[in-house]
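Listed here are the chains, written in short residue letters.
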Amino acid sequence: MALKDVTSNLGFQQITPGATSTALTIPAGARIAIIHVEVAVMRWRDDGTAPTAAIGMRLAAGGELVYDGELTKLRLIQEGAGAIANISYYA
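Residues numbered from 1 in each chain as written. Predicted model: local features only at pLDDT ≥ 70, side-chain atom pairs only at ≥ 80, totals over all residues. Heavy atoms only, no water.

Asker: Hey, could you run me through the side chain of Ser-21 in this one?
Answerer: Mapped onto the elements of the fold, Ser-21 is located in the loop between β1 (9-15) and β2 (22-23). Within polar-contact distance, the side chain of Ser-21 engages the side chain of Arg-75 at 2.8 Å. Residues contacting Ser-21, with those up to four places away along its chain left out, are Ala-50, Pro-51, Arg-75, Leu-76 and Ile-77. (Helix = DSSP H or I, 4+ residues; strand = E, 2+ residues; numbered from the N terminus. Polar contact = N/O pair within 3.5 Å; in protein donor to acceptor, adjacent residues only side chain to side chain. Contact = heavy atoms within 4.5 Å.)

Okay, structure coming up:
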């Protein structure tokens, strides 16, 4: 799926994951999440196992992830203190 196929914005969420992983609050009908990271590195996993500060896919501060997998399985955790994730959801 390409971003050009996105039909509508379904919501926005800002989360500040701490030392334990955080799941997304997904609006009904959402199929895509665009995640932009601020301040510090975050890690993510979507395989049903929670990421840790040392294990998971690394997403640098200033980085962006366009995720179109199973949103309910996606979890985030901060690697560095103060990480913020800005998330927009799309159908």
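Asker: I'm lost on the pattern of salt bridges in this one. Help?
Answerer: Pairing is possible between side chains that carry opposite charge, provided their charged atoms lie close to one another. Tallied over the entire structure, the rule returns three salt bridges. In this structure, Arg-43 and Glu-79 form a salt bridge, with 2.9 Å as the shortest nitrogen-oxygen distance. Of the two residues, Arg-43 sits in strand β4 (residues 42-45) while Glu-79 sits in the loop between β7 (75-78) and β8 (84-90), which places them 36 residues apart along the sequence. According to the relative accessible area criterion, Arg-43 is buried, its value standing at 13%. (Salt bridge = Lys/Arg side-chain N within 4 Å of Asp/Glu carboxyl O. Buried < 20%, exposed > 50% of the residue type's maximum accessible area, 1.4 Å probe, protein only.)

Asker: Sorry if this is basic, but what is going on with the pairing of strand β6 (residues 64-67) here?
Answerer: Where a strand is regular, its side chains alternate between the two sheet faces. Residues Leu-65 and Tyr-67 point to one face of β6 and are all buried, whereas Glu-64 and Val-66, pointing to the other face, are not buried. In this sheet, β6 lies alongside strand β3 (residues 32-38) in antiparallel orientation, the contact comprising four bridges. Within β6, the residue paired with Ile-34 across the bridge is Val-66. (Pairing = 2+ DSSP bridges.)

Asker: Looking at this model, I keep getting lost on the environment of Gly-18. Mind explaining?
Answerer: For Gly-18, the location among the structural elements is in the loop between β1 and β2. In the structure, Gly-18 is positioned 30 residues away from Gly-48 in sequence and 19 Å away in space, judged by C-alpha atoms.

Asker: Before we go on, may I ask you to explain the side chain of Gln-13 in this structure?
Answerer: Its location among the elements puts Gln-13 in strand β1. Using a relative accessible area of 12% as the deciding quantity, one classes Gln-13 as buried. At a separation of 3.2 Å, a polar atom in the side chain of Gln-13 contacts the main-chain amide nitrogen of Thr-25. A distance of 2.5 Å separates polar atoms of two side chains, one belonging to Gln-13 and the other to Tyr-89. Setting aside its immediate chain neighbours within four residues, Gln-13 contacts Leu-24, Thr-25, Ala-85, Asn-86, Ile-87 and Tyr-89.

Asker: How do you make sense of the pairing of β4 when you look at a structure like this?
Answerer: Burial along β4 is two-sided: Met-42 and Trp-44 facing one way and Arg-43 and Arg-45 facing the other are all buried. The pairing of β4 with strand β5 (residues 57-59) spans three bridges and is antiparallel. Looking across to β5, one finds that Trp-44 is bridged to Met-57. By the bridge criterion, four bridges tie β4 to β7 in an arrangement that is antiparallel. Bridge pairing links Arg-45 to Arg-75 in β7.

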